[in-house]
Amino acid sequence: MKKILVCIDGSLYGQVCCQYALWVAKKFGSQVEMLYVSELWQYEAPLVADFGGSLGAQPYMGLTTQLQQIEEEKSAALRDYVFGVFEKEGLRANVTFNHRTGVLVDCIEELDKNGDEVADLVLIGKRGEGANMAKAHLGSNMERVVRACERPCFVANREFFDPKKVLVAYDGSESAGKALVWYAENKKAFAGTEIHVVSVARQGEEDKASERIRIAESILKAAEITPVCQVLNGAAADAIANYQQSSGCNFLLMGAYGHSKIRRLIIGSTTTEILQRCRIPIVMFR
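How each quantity is defined
Residues numbered from 1 in each chain as written. Predicted model: local features only at pLDDT ≥ 70, side-chain atom pairs only at ≥ 80, totals over all residues. Heavy atoms only, no water. Helix = DSSP H or I, 4+ residues; strand = E, 2+ residues; numbered from the N terminus. Buried < 20%, exposed > 50% of the residue type's maximum accessible area, 1.4 Å probe, protein only. Contact = heavy atoms within 4.5 Å. Areas by Shrake-Rupley, 256 points an atom, 1.4 Å probe, with all protein chains shown as cover. Arc of directions from axis to C-beta. Polar contact = N/O pair within 3.5 Å; in protein donor to acceptor, adjacent residues only side chain to side chain. Core = buried A, V, L, I, M, F, W, Y, C linked by side-chain atoms within 4.5 Å. Phe/Tyr/Trp six-rings, centres within 6.5 Å; stacked < 30°, edge-to-face > 60°. Axes fitted to C-alpha atoms, helices over the stretch in contact; angles between N-to-C directions. Left-handed = near helix turned anticlockwise from the far one by under 90°. Nonpolar A, V, L, I, M, F, W, Y, C, P; charged D, E, K, R; others polar. Salt bridge = Lys/Arg side-chain N within 4 Å of Asp/Glu carboxyl O. Expected span 1.5 Å × (residues − 1).

1. Some points on the overall build of the protein chain
Summing up its helical and strand segments, the protein chain has 9 helices and 10 strands in all. The buried share of the protein chain, taken over its 286 residues, is 47%. Within the protein chain, counting contacts between residues at least 6 apart in sequence, those at least 24 apart form 78% of the total. Carbon and sulfur atoms provide 49% of the accessible area of the protein chain, an area that totals close to 14,800 Å².

And the structure:
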């Protein structure tokens, strides 16, 4: 990976994203672009609806300017923190810092179109600055970014883990196949790790799952990688989460959001359930 784009903020997840970015830079020799986005658009309208027309715009006229100043100071603090972390490891030349104003997804798309080199990976925290107020929920920006990005998305957990055992959830889809190929292509960076491949079977479909496992195993063995393979039974999210915890795998690769938004609203998303239950870093492929 020549370049990665890292979405950072002032939360604990932002600090962990910085640690994972440093890990990627060390392992892959990647250039790292840190992106901090000030979402001031939400303050452009009055904070309290003036239904009676008695307040007018006057109380809010100076608010945006004050918030811009605060955001500039916050951005400078984040930039100094990031540069300090990378400089301590002798990798200051590998990192740049970009402060934008707008919506995170739009800023990422804009950087892709206007940048000299498109990032090979997007890294974002599972939650953001509201994490302590919604511990059971995922960050809204995270899901928007993963759904919008065509490249792999690295979703960081709350605590940094140096990958030792890598788990691949393989369902036979094109996106899950990309996860296997990505690991095989970057096997030098994962030297010393153990890779597990699981496929979840519905009742009566164990033979299909076994065939998927054989395909996954052949892809990895072609790259001289010998995986630990297992067919699991039950609901996909439950089976994968339980296996991850019992096996001690601390890094997960998987396809993401394979169904339409309408179907997700009706039956839920396996991807979302796994993100909520597996408290490890997850790299997702579309």
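So, next bit.
2. Here we look at helix α9 (residues 270-277)
Every buried residue of α9 is accounted for by Thr271, Thr272, Ile274 and Leu275. Taken down its axis, α9 places every buried residue within 165° of arc, on the same side. Where α9 begins, the side chain of Ser269 points an oxygen toward the backbone nitrogen of Thr271, at a separation of 3.3 Å.

3. Here we look at the nonpolar core
The nonpolar side chains of a soluble globular protein tend to be buried, and buried together. Counting 49 residues, the largest nonpolar core has Val32, Met34, Phe86, Val197 and Leu253 as its most contacted members. Sorting elements by how many residues they give to this core places helix α1 (residues 12-28) first, with 10 residues. Sequence-distant contacts of Phe86, that is, excluding residues within four places in its chain, are made with Cys18, Ala21, Leu22, Ala25, Val32, Met34, Leu91, Arg92 and Val95. Grouped together as the second largest cluster of nonpolar side chains are 40 residues, Val122, Cys149, Ile280 and Met284 included.

4. Topic: the side chain of Asn186
Structurally, the position occupied by Asn186 is in the loop between α5 (174-185) and β7 (194-201). Polar contacts involving the side chain of Asn186 include one to the main-chain carbonyl oxygen of Trp182, which spans 2.7 Å. Ignoring sequence-local partners within four residues, the contact set of Asn186 consists of Met1 and Phe28.

5. Things to note about the environment of Val166
Secondary-structure assignment places Val166 in strand β6 (residues 165-169). For the pair formed by Val166 and Pro227, sequence separation is 61 residues and the distance between their alpha carbons is 9.7 Å. The contacts of Val166, once residues within four sequence positions are left out, are Tyr183, Phe190, Thr193, Glu194, Ile195, His196, Cys249, Phe251 and Leu253.

6. Points about the packing of aromatic side chains
Throughout the structure, instances matching the rule amount to 12 aromatic pairs. Geometrically, the ring pair formed by Phe154 and Phe251 is edge-to-face, given 5.6 Å between the ring centres and 75° between the ring planes. You can see Phe154 sitting in strand β5 (residues 153-156) and its partner Phe251 sitting in strand β9 (residues 251-255), a full 97 residues away along the chain. Judged by relative accessible area, Phe154 falls into the buried class, the value being 1%. Taken together, the aromatic side chains of Tyr20, Trp23, Phe28, Phe154, Phe160, Trp182, Tyr183, Phe190, Phe251 and Phe285 make up a single cluster linked through ring pairs.

7. Looking at the packing of α1 against helix α2 (residues 63-88)
Two numbers describe a pair of packed helices, the interaxial angle and the distance between the axes. Between α1 and α2, the shortest axis-to-axis distance is 11 Å and the interhelical angle comes to 35°. For the pair α1 and α2, the crossing hand works out as right-handed. Residue-level inspection shows Gln15, Cys18, Ala21, Leu22 and Ala25 of α1 in contact with α2, the latter providing Tyr81, Val82, Val85 and Phe86. Here the residues of the contact of α1 with α2 are counted per class, giving 8 nonpolar, 1 polar and no charged.

8. So, the pattern of salt bridges
Tallied over the entire structure, the rule returns 9 salt bridges. In this structure, Lys164 engages Asp162 in a salt bridge whose closest nitrogen and oxygen atoms are separated by 3.7 Å. Ionic pairing is found between Glu211 and Arg214, a salt bridge with its closest N-O pair at 2.8 Å. Here Arg214 and Glu211 lie together in helix α6 (residues 206-222), a separation of 3 residues that amounts to about one turn. Glu211 sits in the partly exposed class, given a relative accessible area of 37%.

9. Side note on helix α7 (residues 236-247)
If you check α7, its first and last C-alpha atoms are 16 Å apart, about what 12 residues at 1.5 Å a residue would give, namely 16 Å. Three or more residues of α7 are buried, namely Ala237, Ala239, Ile240, Ala241, Tyr243, Gln244 and Ser247. Those residues of α7 that are buried lie in contact with β6, β7, β8 (228-233) and α9. Immediately downstream of α7, the backbone of Gly248 shows phi near 80°, a positive value.

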